[in-house]
Amino acid sequence: MRLGYNLTLEQAQKLVMTPELQQAIQLLQFTSHELNEYLENEMETNPLLEVKTDAKEHENIDEIESKNEEIDWEEFLENYDDISYTVTAPRDRNEKEITYDNFITYSSSLKEHLLLQLNLNISNEIDKIIGELIIESIDQNGYLITSIESLAKDLKIPFERVEKVLLQIQTFDPIGIGARDLKECLMIQLRERKIKDENIYLVVENYLEDIAHNRLCKISKKLGIELKDVQDICDYIKTLEPKPGRCFSGDMEEVKYITPDITLRYLDGEYIIILNDNTAPRLNINRFYKGLMASSDDPNITEFITKKLNSAMWIIKSIEQRRMTIYNVVESILKFQSDFFEKGEKALKPLTLKDVADDIGVHESTVSRATNGKYMQTPRGLFELKYFFTSGVSSEKGSLSATSIKVMIRDMIEKEDPKKPLSDQKIADILKEKSISISRRTVAKYRDELDIPSSSKRRRY
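So, here's what we can say about the structure.

## Here's the deal with the side chain of Asp-424
If you trace the backbone, Asp-424 turns up in helix H20 (residues 424-433). We classify Asp-424 as buried; its relative accessible area is 13%. Non-local contacts of Asp-424, meaning those with residues more than four positions away in its chain, are made with Arg-440, Val-443, Ala-444 and Arg-447.

This is how it looks when you write it as structure tokens:
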């Protein structure tokens, strides 16, 4: 075989991803939080970028400052007399001042709550040290996660003394705190409530797993009591708190808020799509640098500003393109899912990314990026845009979405006789009578997604 070099001419199609195109794709798939972080970083490195404002007085001041002239405020106020002022009446000295500090609340943590009770109830210094170590070993659910033996060994204190302090801590609020397992936690609460029925203690001691699987007949036979009495015992046990420490875990730091990217309002018989400018702020070119580029004779300054100007213009263009793409996607969703906004979840239709992509004339990946992490506030609540895309099942009445079928399953279970709950196969048969043909496995899958237990666990006696 002869090897050598030669020149050939051929045609080939390739997708060239320019940096600008990559940036536009990146901006489209950003969530509102990621986009704002990105723009803040860009504005730090690009002085030509600024958040657009329509305040006329700001523009007037910029014009004067850009001329490097000393501001004559008297002349400024005479020429621009359209600026409005707010005259505030003197505040009554006796009126209580309202500040944001009045609305700030502080809630103590679980450990702080327990340490306060420890200092109030235990005076012996050694027992306090033991109690502090025990409290440090209690998790956020209120359970002791370190063994007494280990604590006694670390402190070089007899096991009995450490256990005595633990028993005292278990009397603290919230009741059930410091338990080593679920069984002990429930027992502490029963003793605190002074329950006299010995059968309740026996059930907690020996049959918690059977309660979880609703095997009440087994408990009835073992204890020799009526099935109805077992049901009453189980209902009472379910009123106890399995995680006594979780009432202290709802700190403000854990609260997360969602700012909708789009708001859908119903006005005068039609839906209006409003894009939230806070999630995608409008940008502008700084007028000072625009003037500097026109007046400067330094080629280095002109080159720098030109480079930054091109970058800024492309970002502004990409942001506007992102806004229009999201608007078009929402407008298409509104067209396909109009029945949902009128009638609710049962009217949600099967919808794919391809349906919307074909409708607005873009690729499926563009629709996927435009809906990723974007939320819409509607008259029916807050929804992620991906919520409106769902698979479907064919029926004689047309295609039904998986969400619609889940709603039907949930409604059937809510209306069932608790003494004879509907099995998955029975639900599938009822849906088949309504010309909706799905298997028992599919019903079980949808039921699990709705966090609804099986019929054997829903049954009441």
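Here the narrative resumes, following the displayed structure.
## Section: unusual backbone geometry
The peptide bond linking Asp-173 to Pro-174 adopts the cis configuration, its omega dihedral lying at 0°. At Lys-194, a position not held by glycine, the phi torsion is positive, near 60°. Within the fold, Lys-194 resides in the loop between helix H9 (182-192) and helix H10 (198-206). The class of Lys-194 is exposed, set by a relative accessible area of 64%. In this model, Asp-451 sits at a positive phi of 60°, which is unusual for a non-glycine residue. In this structure, Asp-451 sits in the loop between helix H21 (440-449) and helix H22 (455-458).

## Re the sheet that holds strand E3 (residues 270-275)
Across the sheet, which stays open at both edges, the four strands sit in the order E3-E2-E5-E6 with mixed pairing between neighbours. Edge positions in the sheet fall to E3 and strand E6 (381-384), since each has one partner strand and no second. On average, adjacent strands in this sheet sit at an angle of 25° to one another, irrespective of strand direction. For strand E5 (residues 375-378) and E6, the ladder comprises four bridges, and the chain directions are antiparallel. When the bridges of E6 are listed, Gln-377 appears paired with Leu-382. Against the sheet, helix H15 (residues 299-336) makes contact with strand E2 (262-267), E3 and E5, and its axis sits at roughly 155° relative to E3, the strand it touches most.

## Topic: H10
Considered for burial, the residues of H10 that qualify are Ile-200, Tyr-201, Val-203 and Val-204. Looking straight down H10, one finds its buried side chains confined to an arc of 160°; they lie on one side. In this fold, the buried residues of H10 make contact with H9, helix H11 (208-212), helix H12 (216-223) and helix H13 (227-237). Of the residues flanking the start of H10, the one acting as N-cap is Asp-197, its side-chain oxygen 3.0 Å from the backbone nitrogen of Asn-199.

## Examining the environment of Glu-112
Of note, Glu-112 is situated in helix H5 (residues 110-121). Among the polar contacts listed, one links the side chain of Glu-112 to the backbone nitrogen of Ser-109, at a separation of 3.0 Å.

## Here we look at the environment of Glu-345
With respect to the helices and strands, Glu-345 occurs in the loop between helix H16 (338-343) and helix H17 (353-360). It is 5.9 Å that separates the C-alpha atoms of Glu-345 and Ser-404, two residues lying 59 residues apart in sequence. When near neighbours in sequence (up to four residues on either side) are disregarded, Glu-345 contacts Phe-340, Tyr-387, Thr-403, Ser-404, Val-407 and Arg-410. Here the side chain of Glu-345 touches Arg-410 through a polar contact of 3.2 Å, side chain to side chain.

Scoring rules and cut-offs
- Residues numbered from 1 in each chain as written.
- Predicted model: local features only at pLDDT ≥ 70, side-chain atom pairs only at ≥ 80, totals over all residues.
- Heavy atoms only, no water.
- Helix = DSSP H or I, 4+ residues; strand = E, 2+ residues; numbered from the N terminus.
- Buried < 20%, exposed > 50% of the residue type's maximum accessible area, 1.4 Å probe, protein only.
- Contact = heavy atoms within 4.5 Å.
- Pairing = 2+ DSSP bridges.
- Axes fitted to C-alpha atoms, helices over the stretch in contact; angles between N-to-C directions.
- Arc of directions from axis to C-beta.
- Polar contact = N/O pair within 3.5 Å; in protein donor to acceptor, adjacent residues only side chain to side chain.

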